[in-house]
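Examining the three-dimensional arrangement
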Amino acid sequence: KSAFFSKKSKAKMRERRRKLTKAGGESGGHDADAAINGVHGTPSTADSGNHHKQNEEISSRKRTADQISNPDNDGENTKSDNNQPTKSTTNIIIVPADLSAKDAKKFRKDARRTARAQDQSEDKIKFVIEGQEQLQEDDDNNQKKKKAKKNSPSFPRINDLLTQHAANQKLAAKLAKQTSMNDALPPSEKHRHIAIDCEMVGVGTDGKKSALARASAVDWDGTILLDAFVRVPERVTDFRTFVSGVRPKDIRVTNDAALDHEECRSKMEKLLQDKVLVGHALKNDLSALMLTHPREHTRDTAKYKPFMRATGRSGGKLRPRKLRDLVYEELGKRIQVEGEAHSSVDDARASMDLFKCVRGRWEKELAVGKKKKVGGGGSRGEK
């Protein structure tokens, strides 16, 4: 294979050959003079040729002062330097700011065409609008800082830890006070309360219509009074297992442990008779059970005003909040963890615990409301 040498390399090779030839000629002349003046007389032509060849070999092995001071002059070093890969750098091209959008697009297109003609990668080209070089540099620095900050481990601040600790102590004191008040209640009052929760599956063509698939009820202490899967008479199009936790085999017709809808409805109706019903968004549960309950004996944590959230900038209408958020805020517990199926038993217990932490204030508000209503009705009657 023929080697390729650049013009610069060829010039260095010619200069090196010239120096070697000059050095060999001088050494050959000195040897001839020495042979003439020597004892053995005049050397033969063959001997002088051998001496000349030996001198050339010695000179070729020797390096000149330029080669010693500048190693780049050596042929091997030059070749290795030519074969050494060059570092790829980003080519920044300034786009004139006074160009229109169409002209700027053409300018960038021409720049890429020129880069391809010079065997440059288009990925290494970076266009910066004239006058925004500093802004682009600042943006790159910010991106680097964000990346470094993202990769660096994050640790909680001491102020946040202290604030969280104080909030936990306040919550613990509040719960301890409410627990002592609830423990003082007579067993008959505790026995009056019952909490329920239901899980639904989707029926219909789009699966948006809900049907009862599981019903659960617990007492004041969280003891399970009823927990049963319900057979769905219609074709289920969406089991909602990731939310409801209901699987096809749970509500299958061949499952003897599951109840019919009418059987579940009658059992729940007996449990709720003369009871204070506690739950979250009870309208949905009662609708699925096809039951009703007296309003004065219903404690829906989704409709309790202190638990609701005002929407809009200036307050506006109150909206119910998620049971998961209320339980974590008021009780410091986590339910309905992300990625886990809901449990109607856990939700019913959480609703009861949430009610117990505000029971005293809730009952007082209801008693005051009843008095105002009775007083208002009497005054209107006297008029």
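The following refers to the structure shown. (Residues numbered from 1 in each chain as written. Predicted model: local features only at pLDDT ≥ 70, side-chain atom pairs only at ≥ 80, totals over all residues. Heavy atoms only, no water.)

**Observations regarding a positive patch on the surface**
- On the surface, Lys-7, Lys-10, Arg-14 and Arg-17 cluster together into a positively charged patch.
- Structurally, Lys-7 can be placed in helix α1 (residues 7-36).
- Since its relative accessible area comes to 76%, Lys-7 is described here as exposed. (Patch = residues over 30% accessible without salt bridge, like charges linked within 9 Å, V, L, I, M, F, W, Y side chains within 5 Å. Areas by Shrake-Rupley, 256 points an atom, 1.4 Å probe, with all protein chains shown as cover. Salt bridge = Lys/Arg side-chain N within 4 Å of Asp/Glu carboxyl O. Lys, Arg positive; Asp, Glu negative; His and termini not counted. Charge placed at Lys NZ, Arg CZ, Asp CG, Glu CD. Helix = DSSP H or I, 4+ residues; strand = E, 2+ residues; numbered from the N terminus. Buried < 20%, exposed > 50% of the residue type's maximum accessible area, 1.4 Å probe, protein only.)

**Examining a nonpolar patch on the surface**
- A grouping of Ile-158, Leu-161 and Leu-162 is seen on the molecular surface, where their side chains present a nonpolar patch of about 300 Å² in accessible area.
- A relative accessible area of 55% places Ile-158 in the exposed class.

**Some thoughts on helix α13 (residues 344-356)**
- The end-to-end C-alpha separation of α13 is 18 Å, in line with the 18 Å expected for 13 residues at 1.5 Å each.
- Taken as a whole, α13 has its buried residues at Ser-344, Val-345, Asp-347, Ala-348, Ala-350, Ser-351, Met-352, Leu-354, Phe-355 and Lys-356. (Expected span 1.5 Å × (residues − 1).)

**Side note on helix α10 (residues 261-272)**
- Here α10 is 12 residues long and its end C-alpha atoms lie 16 Å apart, about the 16 Å a rise of 1.5 Å per residue gives.
- Summarising the contacts, the buried residues of α10 are in contact with β3 (193-203), β4 (209-218), β5 (224-229), β7 (276-279) and α11 (282-289).
- Positive backbone phi, at 60°, marks Asp-274, one or two positions downstream of α10. (Contact = heavy atoms within 4.5 Å.)

**Some points on the pairing of strand β2 (residues 125-129)**
- Examined bridge by bridge, strand β1 (residues 91-95) and β2 share 5 bridges and lie parallel to one another. Each bridged residue has a counterpart across the sheet, and for Ile-93 the counterpart in β2 is Phe-127.
- In the classification by handedness, the crossover that spans β1, the intervening helix α5 (residues 101-117) and the parallel β2 is right-handed. (Pairing = 2+ DSSP bridges. Right-handed = clockwise from strand over helix to strand, strands pointing away.)

**Re unusual backbone geometry**
- The residue Asp-274 is not glycine, and still its phi comes out positive at about 60°.
- The phi angle at Gln-336 is positive, at roughly 50°, despite the residue not being glycine.
- Mapped onto the elements, Gln-336 comes out in the loop between α12 (323-331) and α13.

**Some points on the pairing of β7**
- Neither face of β7 is exposed, since Val-276 and Val-278 on one face and Leu-277 and Gly-279 on the opposite face are all buried.
- Note: β3 against β7, 3 bridges, orientation parallel. Each bridged residue has a counterpart across the sheet, and for Ala-195 the counterpart in β7 is Val-278.
- Bridge analysis of β7 against strand β8 (residues 298-300) gives 3 bridges, and the strand direction is parallel. Counted as the bridge partner of Val-278 is Arg-299 from β8.
- Once you follow β7 into α11 and on to β8, the crossover reads as right-handed.

**Remarks on the packing of α12 against α13**
- Between α12 and α13, whose axes approach to 10 Å, the crossing angle comes to 45°. By the angle between their directions, the pair α12 and α13 is classed as oblique. As for the relative orientation of α12 and α13, their crossing is left-handed in sense. From α12, Leu-323, Leu-326, Val-327, Glu-330 and Leu-331 reach across to α13, where they touch Asp-347, Ala-350, Ser-351, Asp-353 and Leu-354.
- A class-by-class count of the residues in the contact of α12 with α13 yields 6 nonpolar, 1 polar and 3 charged. (Axes fitted to C-alpha atoms, helices over the stretch in contact; angles between N-to-C directions. Parallel < 35°, antiparallel > 145°, perpendicular 65-115°, else oblique. Left-handed = near helix turned anticlockwise from the far one by under 90°. Nonpolar A, V, L, I, M, F, W, Y, C, P; charged D, E, K, R; others polar.)

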